[in-house]
Number of protein chains: 2
Amino acid sequence: MSRNVTIKDIAKEAGVSISTVSRTLNNAPLVTPEKRQRVLEVIGRTGYEPNASAQGLVRGKSMTIGVLTQDIASPFYDEITRGIDAGFSGSGYQPIFVNGHWDAQDEVTAVLALTRRQVDGLIVLGGRLPEAQLHALSKRFPLLMVGRFVPELSHCCLRVDHVHGARLATRHLIELGHRRIAHIAGISSHKDAADRLEGYRLALAEAGLEFHPELVYEGEFDEPSGILAVESWLAQGIHFSAIFAANDQMAYGARLALYRRGIRVPEDVSLVGYDDLPASHFSLPPLTTVRQPLFEMGELAAQTLLRRLHTPDSEVPDVAVTLNVRESTCYHRR
Amino acid sequence: MSRNVTIKDIAKEAGVSISTVSRTLNNAPLVTPEKRQRVLEVIGRTGYEPNASAQGLVRGKSMTIGVLTQDIASPFYDEITRGIDAGFSGSGYQPIFVNGHWDAQDEVTAVLALTRRQVDGLIVLGGRLPEAQLHALSKRFPLLMVGRFVPELSHCCLRVDHVHGARLATRHLIELGHRRIAHIAGISSHKDAADRLEGYRLALAEAGLEFHPELVYEGEFDEPSGILAVESWLAQGIHFSAIFAANDQMAYGARLALYRRGIRVPEDVSLVGYDDLPASHFSLPPLTTVRQPLFEMGELAAQTLLRRLHTPDSEVPDVAVTLNVRESTCYHRR
DNA sequence: CTGAAAGCGCTTACAG
DNA sequence: CTGAAAGCGCTTACAG
């Protein structure tokens, strides 16, 4: 663990001043080709790596972007994360991911780890960080939010129309002849979940169908919730010919619960998810679902943030959701 | 975007020197309670956050650990990643994740982004980084490898006995009466894949069963590979009553291909995976698989690295694989 | 117990 | 075109 080689070592070795080394490193114009050459040679030979802390200190920026995710490894956030990573690749900016665990306290701590490291911008994925803090953060550097909408910070939010998405899903089932359509909702305090429930109700109303509260089960966006939803309906003798789940993970759980009861999908019950996780291509059967272009959303967030570093009021593009019809839905057989 | 408050501002405001501020910040002993109090009060009021770059520069360490992953969001690496995150939580060290994309060139670039940032240690997940470079890295700071084994750096590797794991899987199928057991192998240049193939062959040999090369299909560790494997066997009219896939993702693909052909699991064909991804609990049917404790492996890697920061030769614990029998396997009906 | 000073590794005006 | 010098925000001997 020998001392790292510094700019001084390079300067001495190449017989120039550290200024010259710095200049050739940063592609500043005023360096003689010969000196430049010499410096480059020494750098290559010694494997010199500029110290990012030192650069960050003097430049006042860290070339680092913080990303506050809630679950560093859920299939939903993963796709976004991967998009973010792709969006920053080649930009010179390094994303740093921290985990908020859907806990306001943890999120505050996580954000502190980021700001102490002088991140030049921040992307927030979902979460429960108090709006006041988001506000304060947005004053310090470019802030972008994905999977969460805060009205007063609407110019910082990547907007996805979940009311519309849920409507597409429900309408699809209605068009297939389904009348008793159950809904596995998300956590009701989440705006996204509430929007999807609203879209579901809207589609029912548009078709002149009655809304049955007993056909809505509030889950927690995970697989076990889907299992519980189905078991609860079955135990109560509640009938339905289709299920619209507020996310794919709950749809997977519902699928398993139906399988255990010998109920076939889609022959007996049609099933629609939401998100279009990569795994939904390969689920049994491949899942009809509302697609959120998660990867692209991550990429977009990264690109917009990058743009705002220079042009603070760049627009955030809108994101369109679409319905991906696969094999888990079919005509209702009366 | 006003200037950040620095230690100088605090010192001036509290009427002390910056040394005193620094000392109270670092819980150094020699500070009068009154001054300490005063400083703390000003810090709380102003929301001062020490600049991590400056601290890193003078301390010579960044309190940052690099993690080179290959795919920042694959279900396999995710669980490990989440374990790593948990393992560092509360330690004061921040993991920084970068993406190598299973490409030696990208990995070199990614590692450079890390070393330039003066990471105090490195965890490498899989990948193709040249051994020489791994060697060099291991001299600079504690290095830990997960999902890759390099003989000369064995003290840096978290070892998992995949020969044993594959043997468990294959033996299980043999005990269920299966004789023609197909194997969807991983990429043959991967040590892990080769080990699993070897375990498969070993179990066959131990049971006195012949090895049939046509029953082995080389996949790429993803779902489409599983589909292709099954389709290839079926197209060639090759018979089998069980499949052992070298990872869960390929098992999911195989499952879908069998479903499309109307072949039931486990009634017609038994299926065993490898890894025990979280999704395998909820697959249809829940998948029998060899469990790698991925989360714990990540946690272990983080903890060992942390320990080595102070005690360079701390041991890396061994990791045990186990067979998780669920519902995708059953007795062979002749 | 406390402050002035040196120094971490860089960048960037400022003189030449 | 090039170097000496100041300074980024901290920590840590070194004197008091």
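Anything mentioned here points back to the structure above.
Cut-offs applied
Residues numbered from 1 in each chain as written. Chains lettered and ligands numbered in written order. Predicted model: local features only at pLDDT ≥ 70, side-chain atom pairs only at ≥ 80, totals over all residues. Heavy atoms only, no water. Helix = DSSP H or I, 4+ residues; strand = E, 2+ residues; numbered from the N terminus. Expected span 1.5 Å × (residues − 1). Buried < 20%, exposed > 50% of the residue type's maximum accessible area, 1.4 Å probe, protein only. Pairing = 2+ DSSP bridges. Axes fitted to C-alpha atoms, helices over the stretch in contact; angles between N-to-C directions. Polar contact = N/O pair within 3.5 Å; in protein donor to acceptor, adjacent residues only side chain to side chain. Least-squares fit on C-alpha atoms with pLDDT ≥ 70 in both. Contact = heavy atoms within 4.5 Å.

In this section: helix α5 (residues 75–88) of chain A. Residues and elements named next belong to chain A. Given a rise of 1.5 Å per residue, 14 residues ought to cover 20 Å, and the 20 Å separating the end C-alpha atoms of α5 matches this to within 8%. Taken residue by residue, α5 has Phe76, Tyr77, Asp78, Glu79, Ile80, Thr81, Gly83, Ile84, Asp85, Gly87 and Phe88 as its buried positions. Immediately downstream of α5, the backbone of Gly90 shows phi near 85°, a positive value.

Glancing now at the sheet that holds strand β7 (residues 216–218) of chain A. Residue and element names in this part refer to chain A. The 6 strands lie next to each other as β7-β6-β8-β9-β10-β11, forming an open sheet whose pairing is mixed. If you trace the sheet from one side to the other, it starts and ends with β7 and β11 (322–324), each paired once. Neighbour-to-neighbour, the strand axes of the sheet open up by a mean angle of 20°, direction not taken into account. Sheet topology note: the strand β6 (residues 181–185)/β7 ladder contains 3 bridges and is parallel. Each residue of the ladder has a partner; that of Ile184, found in β7, is Tyr217.

Moving on to helix α8 (residues 162–175) of chain A. All names here are of chain A. For α8, spanning 14 residues, the distance from its first C-alpha to its last is 20 Å, which sits close to the expected 20 Å at 1.5 Å a residue. Burial runs high along α8: 10 of the 14 residues are buried. All of the buried residues along α8 are His162, Val163, Gly165, Ala166, Leu168, Ala169, Thr170, His172, Leu173 and Ile174. Where α8 begins, the capping side chain belongs to Asp161, and its oxygen is found 3.3 Å from the backbone nitrogen of Val163. Gly177 sits one or two residues past α8 and shows a positive phi near 95°.

As a further point, take the relation of the copies chain A and chain B. Of the two same-sequence chains, chain A is brought onto chain B (RMSD 0.1 Å, axial shift 0.0 Å) by a rotation of 180°. Between the two chains, the operation in question is that of a two-fold axis. The position closest to the rotation axis in chain A is occupied by the C-alpha of A:Ser53, lying 2.3 Å away.

Before going further, it helps to examine the pairing of strand β2 (residues 94–99) of chain A. Residues and elements named next belong to chain A. Burial of β2 is extensive: 6 of the 6 residues sit out of reach of the surface. Burial along β2 is two-sided: Gln94, Ile96 and Val98 and Pro95, Phe97 and Asn99, pointing in opposite directions, are all buried. Pairing between strand β1 (residues 64–69) and β2: 6 bridges, direction parallel. Within β2, the residue paired with Thr64 across the bridge is Gln94.

For sheets, the rule is that strands pair by backbone hydrogen bonds, running either parallel or antiparallel. Residue and element names in this part refer to chain B. The sheet built from 6 strands is open, its strands ordered β7-β6-β8-β9-β10-β11 with mixed pairing. With one partner strand each, in any of the chains shown, β7 (216–218) and β11 (322–324) form the two edges of the open sheet. When the angles between neighbouring strand axes are averaged without regard to direction, this sheet yields 20°. The pairing of strand β9 (residues 270–275) with strand β10 (residues 288–291) spans 4 bridges and is parallel. Bridge pairing in β10 links Gly273 to Thr289. Each of β6 (181–185), β7, β8 (242–245) and β9 touches helix α9 (residues 191–206); the most contacted strand, β6, lies at about 170° to it.

The next subject is the pairing of β1(A). Among the 6 residues in β1(A), 6 count as buried, and that is most of the element. Residues A:Thr64, A:Gly66 and A:Leu68 point to one face of β1(A) and A:Ile65, A:Val67 and A:Thr69 to the other, with burial holding for every one of them.

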